[in-house]
Amino acid sequence: MKAMKVFTFIFYSCIALLLFFMLDRRISNVPPLGKFFDPLHGFWKNSENEALKIPPTLQLKGLKESVKVYWDKQYIPHIFANNEYDMYYTQGYIAAFHRLWQMEFQMKKTAGRLSEILGSITLPIDREQRRKGMVYYAQKHIEHIEKDTTIMKVLQPFIDGVNEYISHLGYKNYPIEYKLLDYKPEKWDILKMALLQMEMSDQLSSGNRDLENTNLVHILGKETFNFLFPEKYSALSPVVNNSEKGYTFDILKTSKPDEKIPTEKIIETISQPDPLNGSNNFAVSPQKSYSGNVLLANEPDLGLNSPSLWYVSHLNCPTVNVMGALFPGQPGIIIGFTDSIGWGFTNSPRDVVDFYLIEFANSKREEYKYNEKWLKTQTVLEKIKIRGEKTFIDTVLYTHYGPIVYDRNFKSSSQTTNFAMRWVAHEQSNFFRIFYTLNKAKNYSDFLESLSYFDSPAQNVIYGDVFGNIAIWVEGKFPLKWKEQGKFLMDGTDSKYEWTQFIPQEQNAYELNPKKGFVSSANQYPIDTLYPYYVYDDNYEYYRNRRINNVLGTLSKITIQDMMDLQNDNFNLKASENTSFMLEGLDTIFMDKKMYKIYKDLKKWNYEYQHNKPEAVYFEVWWNKMYEQLWDEFDTMKVAVYKPSSFHTAHILKHYPTNPFINIVSTPNTETLSDILKLSFYAMVDSLNKWEKANPDKLLTLGNFKNTTVTHLLRLKPFSKEGIMIGGNGNTVNAASHKHGPSWRMIVELDKKGVKAYGIYPGSQTGNPGNVSYNSMIDDWAKGNYYPLLFSNDEKYIQNKSLFIQTLNPKK
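Residues numbered from 1 in each chain as written. Predicted model: local features only at pLDDT ≥ 70, side-chain atom pairs only at ≥ 80, totals over all residues. Heavy atoms only, no water.

A. Structural context of the pattern of salt bridges. One pass over the full model with this rule turns up 39 salt bridges. When the shortest N-O distance is used, the salt bridge between R130 and E382 registers 2.9 Å. On the criterion of sequence distance, the pair formed by R130 in helix α5 (residues 123-131) and E382 in strand β14 (residues 378-384) is long-range, its members being 252 residues apart. As far as burial versus exposure is concerned, R130 and E382 are alike and both buried. Between D635 and K643 there is a salt bridge; the shortest N-O distance is 3.0 Å. (Salt bridge = Lys/Arg side-chain N within 4 Å of Asp/Glu carboxyl O. Helix = DSSP H or I, 4+ residues; strand = E, 2+ residues; numbered from the N terminus. Buried < 20%, exposed > 50% of the residue type's maximum accessible area, 1.4 Å probe, protein only.)

B. Inspection of the sheet that holds strand β6 (residues 305-306) at higher detail. Pairing within the open sheet is mixed, and its three strands lie in the order β6-β23-β24. The sheet is open, and its two borders are formed by β6 and β24 (721-724), each paired with just one other strand. As paired elements, strand β23 (residues 708-712) and β24 share two bridges and run antiparallel to each other. If you follow T708 over to β24, its bridge partner there is I724. (Pairing = 2+ DSSP bridges.)

C. Fine view of the sheet that holds strand β20 (residues 490-491). Pairing in this open sheet of four strands is mixed, and the strands run β16-β17-β11-β20 from one edge to the other. On the outer flanks of this sheet lie β16 (404-406) and β20, each paired with one strand and no other. The sheet contacts of helix α10 (residues 210-220) involve β11 (353-357), β16 and β17 (419-423), and relative to β11 the element is tilted by about 60 degrees. (Contact = heavy atoms within 4.5 Å. Axes fitted to C-alpha atoms, helices over the stretch in contact; angles between N-to-C directions.)

D. Empty space enclosed by the protein, seen in detail. Summed over the entire model, instances satisfying the criterion amount to eight cavities of 30 Å³ or more. If you add up the space inside the largest cavity, you get close to 240 Å³. Lining the largest cavity are 19 residues; nearest its centre among them are M200, L204, F327, F345 and Q459. Every element with two or more residues in the lining of the largest cavity is listed here: α9 (190-205), β4 (278-284), β5 (294-303), β10 (341-347) and α12 (431-438). (1 Å grid on protein atoms, 1.4 Å probe; cavity = no way out; pocket = protein on both sides within 12 Å on 5 of 7 lines; lining within 4 Å. Points joined across faces, edges and corners; volume = space filled by probe spheres on them.)

E. Quick look at unusual backbone geometry. Cis geometry marks the peptide bond from S306 to P307, where omega comes out at -5 degrees. On the secondary structure map, P307 appears in the loop between β6 and β7 (311-317). Residue P457 follows S456 across a cis peptide bond; omega there is 0 degrees. Positive phi values are uncommon outside glycine, yet E484 reaches one of about 70 degrees. As for its position among the elements, E484 is in the loop between β19 (470-475) and β20. Looking at E484, the relative accessible area reads 9%, which means it is buried. Backbone geometry places N775, a non-glycine residue, at a positive phi of 60 degrees.

Set out below in structure tokens:
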């Protein structure tokens, strides 16, 4: 009996130990359940039934003086400090309070460190980031930034504030994502902030088609390539049009070498930024506004993520009074306004990435050829930690151009496929000074000073002030190029193909107070035909900008509501220019009842992309089916390629109806344009029938079909919001598509008596999915509503309007 008791004791002890072992450890994708379900420390502690549960006073180590934080109805912090150090310190502390996990996760993504927390599934992403040299060049930027003592006095307090918040965290108050993935926050530092800035350059300026163009020009021949991929259309309005004034500055000369496009092929290229990344901005002069004040609007159309890309703050101290949207993890305001100016950005598509074919001396790859000499390569061993697995080591070689992205170890098995990347974002830059100076700007002269620091990503920067000025600059650091330089892979052994200098910043194109009374941009071709320098990109937008200009050109006495209506405009110019043409090509004789109804509905459609109507779905699916059938030749090519733009597709259909590409190569017949229109119309109806069968409880409407979704960064459905009913799509001013759209809408009236502003974004200030206010602004955003932004230099005024007051005191 005694032996049995001992056995039983040992048996149950082992079971207990095993359970303890298992519950204390992450198994596969399951977090340690013991900690996760712990009632005192687990995920229960992330449930917050109050939107803002904070202590009225805090003692913080490192603060110099007391700081007041006034929280308003949208839980926007209004930080009033007595000095810049305390203001940026508090901004860092609050950013971490609301968005710590997001800050760190986005940093890890940029740095190629996702595999540390997510395992080998993200190794391909990490390798691409390392191959682009994201950390390598972030460190180069820091070497430059650390020489600027003024900027370091902005960065260091922000870092101190973030780390003070982290220092008080224990497992129980970690953001829930840390608990799910079972890891801890890291201390914040300048490298992490530089990486977040690199992330924006990556998202907005790393796109290029050099290698696809090289493949295509060898397959199609130069004449056909140029026909299918024209560089510009003279009839379309650019961002800046100075064709009446011309350009009087001293033009820098370039010399084009003999055309020699290497014949190296590439099967697969690295990931490109999402083509739906874009933006709109516009400003109207006092002569066109209802009040005689400048009105300014901005809307970056980016990924609809949760937590949102943006966070809204008001920063105030004796030298600063600024409000707007910012990237959590960095100091200052990115898009916003001060007492006297407002500004905003849209992406300016421009080829600022080029690839060079590198020739090594031998298989050791220690030397590469350049101007008949052999230069040394630099070897960097990228050690990528993988959760639960052995560390992966990738050998990345660097040349004076930049990192060799493609080689025998990555995306190519050929010994001769060695492509080095040169990218403006690799050039040393003090990007933090741009926003430091913008946030303190009082007039156009101050604005111009901030632009002098602007390098990457290239942007159309819009400006307005209380003195009645409006302006737009196509801003960035642009290599001076000869025609077609960098459009294709270039010979890296010859310096004739290398960038030699950059266009002087003061020669970048701009408009100041144009006669038309407004300035605008929406990612279109940037500059008029008289601009003396070569400009190229493969991804311009052709519809939103013309719609904005058409509306602003016809309106007078423009009101705040007019600006809001234009930001939420769902009229699709692409549909209006093509639907009638496409319908005219159909023969209705062979249509069944349903097809004929769709045909009739499209005939009387007003081209509005309303979420509760089906016509936009008909057009979208029909166009996409026709586009697939028209360009099916490209699907047969065994190398990396891309297809002509939708705008040029429409141009070919209307002006070259017998072009050989109209034939469908997979059939034995020779299809005509009429055949393509009919077949794609039938394919559209078939596709919609399948959708209706798969979704019997839903009406076929644009809202249901596109299913606009704000997606959690970990792609967790319970933390995301699907089925958002909002109109628009990628080609409408309200560019709300499936997972992209207006990520921040802002309208500013620049009144000398007091700046008025309105804003909204699809998310919430809190990044905690367990908070009652999580994603609380999405419904109003979808309806086109805005919140007045509380702004003043008068602390008493802000205090009287605030919901909650918090006092931060120095810790003795």
